[in-house]
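Per-entry structural report
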Number of protein chains: 2
Amino acid sequence: MALIVQKYGGTSVASAERIGAVADRVARSRAAGHQVAVVVSAMAGETDRLLGLAASLRHPPRGRELDVVLASGEQASIGLLAMALEARGCPACSYTGAQVPIRTDSSFNRARILEIDGRRIRSDLEAGRVVVVAGFQGADEEGSITTLGRGGSDTTGVALAVALQADECQIYTDVDGVYTADPRIEPNARRLDRLTFEEMLELSSLGAKVLQIRAMEFASKYRVPLRVLSSFEDGPGTMIVPEDEEEGMEQPLISGIAFNRDEAKITVHRVPDRPGVAYRLLADIAAANIEVDMIVQNAAPEHDETDFTFTVNRNDYERAREMVDPVAEELGAERVTGDPRIVKLSLVGVGMRSHAGIASRMFDALARESVNIQMISTSEIKISVVVDERYLELGVRALHEAFDLHDG
Amino acid sequence: MALIVQKYGGTSVASAERIGAVADRVARSRAAGHQVAVVVSAMAGETDRLLGLAASLRHPPRGRELDVVLASGEQASIGLLAMALEARGCPACSYTGAQVPIRTDSSFNRARILEIDGRRIRSDLEAGRVVVVAGFQGADEEGSITTLGRGGSDTTGVALAVALQADECQIYTDVDGVYTADPRIEPNARRLDRLTFEEMLELSSLGAKVLQIRAMEFASKYRVPLRVLSSFEDGPGTMIVPEDEEEGMEQPLISGIAFNRDEAKITVHRVPDRPGVAYRLLADIAAANIEVDMIVQNAAPEHDETDFTFTVNRNDYERAREMVDPVAEELGAERVTGDPRIVKLSLVGVGMRSHAGIASRMFDALARESVNIQMISTSEIKISVVVDERYLELGVRALHEAFDLHDG
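Quick summary incoming for the structure in this document. Remember, predicted model here, so these are calculated numbers, not experimental data.

Each value, and the rule that gives it
- Residues numbered from 1 in each chain as written.
- Chains lettered and ligands numbered in written order.
- Predicted model: local features only at pLDDT ≥ 70, side-chain atom pairs only at ≥ 80, totals over all residues.
- Heavy atoms only, no water.
- Contact = heavy atoms within 4.5 Å.
- Buried area = accessible area lost by both parts, 1.4 Å probe.
- Salt bridge = Lys/Arg side-chain N within 4 Å of Asp/Glu carboxyl O.
- Polar contact = N/O pair within 3.5 Å; in protein donor to acceptor, adjacent residues only side chain to side chain.
- Helix = DSSP H or I, 4+ residues; strand = E, 2+ residues; numbered from the N terminus.
- Least-squares fit on C-alpha atoms with pLDDT ≥ 70 in both.
- Axes fitted to C-alpha atoms, helices over the stretch in contact; angles between N-to-C directions.
- Parallel < 35°, antiparallel > 145°, perpendicular 65-115°, else oblique.
- Left-handed = near helix turned anticlockwise from the far one by under 90°.
- Nonpolar A, V, L, I, M, F, W, Y, C, P; charged D, E, K, R; others polar.
- Pairing = 2+ DSSP bridges.
- Buried < 20%, exposed > 50% of the residue type's maximum accessible area, 1.4 Å probe, protein only.
- Phe/Tyr/Trp six-rings, centres within 6.5 Å; stacked < 30°, edge-to-face > 60°.
- Core = buried A, V, L, I, M, F, W, Y, C linked by side-chain atoms within 4.5 Å.

**Topic: the interface of chain B and chain A**
- Contacts between chain B and chain A engage 42 residues on the former and 42 residues on the latter.
- Both sides together, the interface formed by chain B and chain A hides about 3200 Å², and carbon and sulfur atoms give 61% of it.
- Looking only at chain B, the three residues that lose the most surface to chain A are B:Leu57, B:Glu65 and B:Met83, adding up to 23% of its buried area.
- For the pair chain B and chain A, the interface holds four salt bridges.
- We note a salt bridge from B:Glu46 to A:Arg49, for which the minimum N-O separation is 3.4 Å.
- Joining chain B to chain A, the criterion identifies 14 residue pairs in polar contact (both at pLDDT 80 or more).
- Those elements giving two or more residues to the side of chain B that touches chain A turn out to be α1 (16-31), α2 (46-57), α3 (64-87) and β3 (92-95) of chain B.

Pasting the structure below:
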């Protein structure tokens, strides 16, 4: 008998019929002898509907009252799932974030979990009940309702697994695991049985959005065994494990290929190469909460000048240009160029650290397809390149082939 | 400066636009120098939508989890209204039933309010904030969410007015007050400026559903000044006052004419006239929670036999027949007859007590229109008759005319 936390996203509970299917699955886990705590999101579309109503009354929608509105979505879900379980003869009890309680700070709309008191839930589980907890929400010290920001239900799932010392945290989604590449782009992509937290973090931050990043950081920190699997079909899914548990296993060089099509790049040409310049170029952008992804400073073309390039989300491109252009002029840069039509391709794999030649094999594979590489950046377990957006599919397939990631 | 509780029903907050209109009205009350606590229902249609989802997962929908689902409707409303107030520069703070807290018993789906702690709300009001409270819901001792049953938002409004010792409880609805008769049936019906609680109770229980009965009992018991008015147009509405405050005023004989078109009658003919028979006839029906409205036992046609007639809601007619028929046979009754196509017409007025001749004037007015009276029942401030449903409109108009209730 194990204690399992199962998290179901909005598409898994999008209709009464799907809620019934989730209840069937939960009831099966319980019948198999497990103690099950379930975390659910709002029904798909519900959060957007509520956000739309809120936005039409106060623009931009934000603050304490927005969380009151949004949290109502998960509250409906938990009650409905608990009723579906009861209808199957499976005793169930639902809890809102405030009822658990899941204590958070008071940063409305993007609160952080401070503490989860698992006593009520544990006593329910021991009494044979399935516990259904609202994802995405908590309450601050005053008892005000808070939400954790988009995707926060993953975080709730993992944090609850930590609080309950669960044997496994299962994240049910609309894919049946993590793949070597997006199967919509590479039909030969293969489901991975296991993946380390670090690899998953890189894949996730690069656009393969299966799991929310904060949830994974949490799982990694507290070493919660995490499994990603489909709520629509049975299967083992993909197990996400700490890197040290992979010791002794045969390490694949590369776990997968990720991409991010939402990027735009900005290059400041021939800017004086002296301390403080990089700071000056990015200070306004940081203050405006525009996220900067890659930063590359090329080898100085002249002794006292350099080219400075960075990428931002495509939606922030115009705003970022407006901020950088005057600063670049002030600093005496030659000119500023930009391109909002780029994508980032990345190879991810913990095996990369101990092997040479990965990068050259990557560049060679892209060169054979005449894909021009505009930027390169590396970390311990990934190599990323920026290319023109029209090479996205070609590049993913070429790399998938070059690193033998194909099925079978 | 007064402390006012305003209660808005589902149709008043049916859309973002209407929520905005409510916010305008609330902000005007505050700008006029009043402290305002607002109670809101779920957006019109929302409770039915949630109930439909619940019913498709567990039939019949009931229990603790149903309240979790239903209460989410008002939670969305309070956050939305608070945001609309903030957008108008009016500081606002919302509270769910559990947050106030509104403490109830644990009778899920039809809980009763035990206690309201008004301290948080009062301190918000004193700080200049408008407080927005979710109607229809509370929390029991365990912290489980409870609901008060349909129309419970009225009860929340009145109970909150009591707890805050409010100067007035304003019930905003889609009519601009209480009328001498339903204006859809009697175009000459007149809005009443004042009405006693007792009269309002009788009018309400007879189908003129402006206010929930429990709310009025509460208001009457604690002597909360209550005003019914329209959320769509300005006007003084109808003030509901304790009877003793009407002393010295010129009393109208009759305040209004009510009707109930949902009734069905069942008559047990020639049942033995001995103690215990009435009990036997109604015991099963009471146990099945079928509500019995009128009960009339006619003068015994024979010394040792009598006719026993009662009315139930039309929806319960078949079920009630199935229960009564075997008991009647067992008791040796001659036969059972029934009619699900009847309506009840009632004259209501506190003035009635001190005047003779009302009943005969009523019967005369109906006789002139050849309306046959099937049953008669009286209380201190009303006279009710049961007639065939086809005489509903004719009967209402004849009585309205006979008692000079017309406008002007």
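**What about the relation of the copies chain B and chain A?**
- Mapping chain B onto chain A calls for a screw motion: a turn of 179° about the axis and a shift of 0.1 Å along it, with 0.3 Å RMSD after fitting. Between the two chains, the operation in question is that of a two-fold axis. Considering only C-alpha atoms, the part of chain B nearest the rotation axis is B:Ser72, at 2.6 Å.
- Take the interface residues of chain B: 100% of them recur as interface residues in chain A, which is what a same-surface contact looks like.

**Considerations on the packing of helix α2 (residues 46-57) of chain A against α3(B)**
- As a packed pair, α2(A) and α3(B) sit with axes 8 Å apart at the nearest point and diverge in direction by 25°. Between α2(A) and α3(B), the crossing angle belongs to the class labelled roughly parallel. Here the hand of the crossing between α2(A) and α3(B) comes out right-handed. Residues A:Leu50, A:Leu53, A:Ala54 and A:Leu57 of α2(A) pack against B:Ala76, B:Leu80, B:Met83, B:Ala84 and B:Ala87 of α3(B).
- In terms of residue class, the contact of α2(A) with α3(B) is built from nine nonpolar, no polar and no charged.

**Re the sheet that holds strand β18 (residues 342-348) of chain B**
Residue and element names in this part refer to chain B.
- Here four strands make up an open sheet; going across it, the order is β13-β18-β20-β19 and the pairing antiparallel. Where the open sheet ends on each side, the last strands, each with one partner, are β13 (256-260) and β19 (375-379). Strand-to-strand twist across the sheet, computed as the mean angle between neighbouring axes with direction ignored, equals 20°.
- Sheet topology note: the β13/β18 ladder contains five bridges and is antiparallel. The partner of Gly256 across the bridge, within β18, is Val348.
- On top of the sheet, helix α11 (residues 392-402) reaches β13, β18 and β20 (382-388); it is set at about 15° to β18, its chief contact.

**A closer look at unusual backbone geometry**
- With an omega of -10°, the peptide bond running from A:Val100 to A:Pro101 counts as cis.
- Relative to the assigned elements, A:Pro101 resides in the loop between β3 (92-95) and β4 (102-104).
- Look at A:Asn109: it is not a glycine, yet its phi comes out positive at around 80°.
- In this structure, A:Asn109 sits in the loop between β4 and β5 (113-116).
- The residue B:Phe136 is not glycine, and still its phi comes out positive at about 80°.
- Inspection of the secondary structure puts B:Phe136 in the loop between β6 (130-134) and β7 (137-139).

**Considering the pairing of strand β6 (residues 130-134) of chain A**
Residue and element names in this part refer to chain A.
- With five of five residues buried, β6 is to be regarded as a mostly interior element.
- Going residue by residue along β6, you find Val130, Val132 and Ala134 tucked away on one face and Val131 and Val133 tucked away on the opposite face as well.
- Strand direction decides the pairing type here: strand β2 (residues 35-40) and β6, joined by four bridges, are parallel. From the neighbouring strand, Val39 faces β6, where its bridge partner is Val133.

**What to know about the environment of A:Ala264**
Residues and elements named next belong to chain A.
- For Ala264, the position within the fold is in strand β14 (residues 263-272).
- Given a relative accessible area of 0%, Ala264 falls into the buried group.
- In this structure, the C-alpha to C-alpha distance between Ala264 and Asp293, residues 29 residues apart in sequence, is 9.7 Å.

**Some points on the packing of aromatic side chains**
Residues and elements named next belong to chain A.
- Scanning all chains against the criterion turns up six aromatic pairs over all chains.
- Ring centres 4.5 Å apart and planes at 15° place the aromatic pair Tyr8 and Tyr172 in the stacked group. Here Tyr172 lies in strand β9 (residues 168-173) and Tyr8 lies in strand β1 (residues 3-8), a separation of 164 residues in the sequence. As far as burial versus exposure is concerned, Tyr8 and Tyr172 are alike and both buried.

**What to know about the pairing of strand β16 (residues 305-313) of chain B**
Residue and element names in this part refer to chain B.
- Taken across its nine residues, β16 has seven buried, putting it largely inside the fold.
- Where strand β14 (residues 263-272) lies against β16, eight bridges are found, and the strand directions are antiparallel. Bridging from a neighbouring strand, Ala264 pairs with Val312 of β16.

**Observations regarding the nonpolar core**
- Formed by 41 residues in total, the largest nonpolar core has its most connected members in B:Ile121 and B:Leu226.
- Setting aside chain neighbours within four positions, we find B:Leu226 in contact with B:Val158, B:Cys169, B:Ile171, B:Phe197, B:Leu211, B:Met216, B:Ala219, B:Thr238, B:Met239 and B:Ile240.
- A:Val100, A:Val158, A:Leu160 and A:Ala215 belong to the second-largest nonpolar core, a separate cluster that totals 40 residues.

**Points about the sheet that holds β14(B)**
All names here are of chain B.
- In space, the four strands of this open sheet follow the order β15-β16-β14-β17, with antiparallel pairing throughout. Each edge of the open sheet carries a strand with a single partner, namely β15 (292-297) and β17 (335-339). Here the strands of the sheet are splayed against their neighbours by 15° on average, with no regard to which way each runs.
- Summarising the sheet, β15 and β16 pair through four bridges and their orientation is antiparallel. Its bridge partner being in β16, Ile295 is matched across the sheet by Phe310.
- Those strands touched by helix α9 (residues 317-331) are β14, β16 and β17, and its axis lies near 0° from that of β14.

That is the geometry; function is a separate question.
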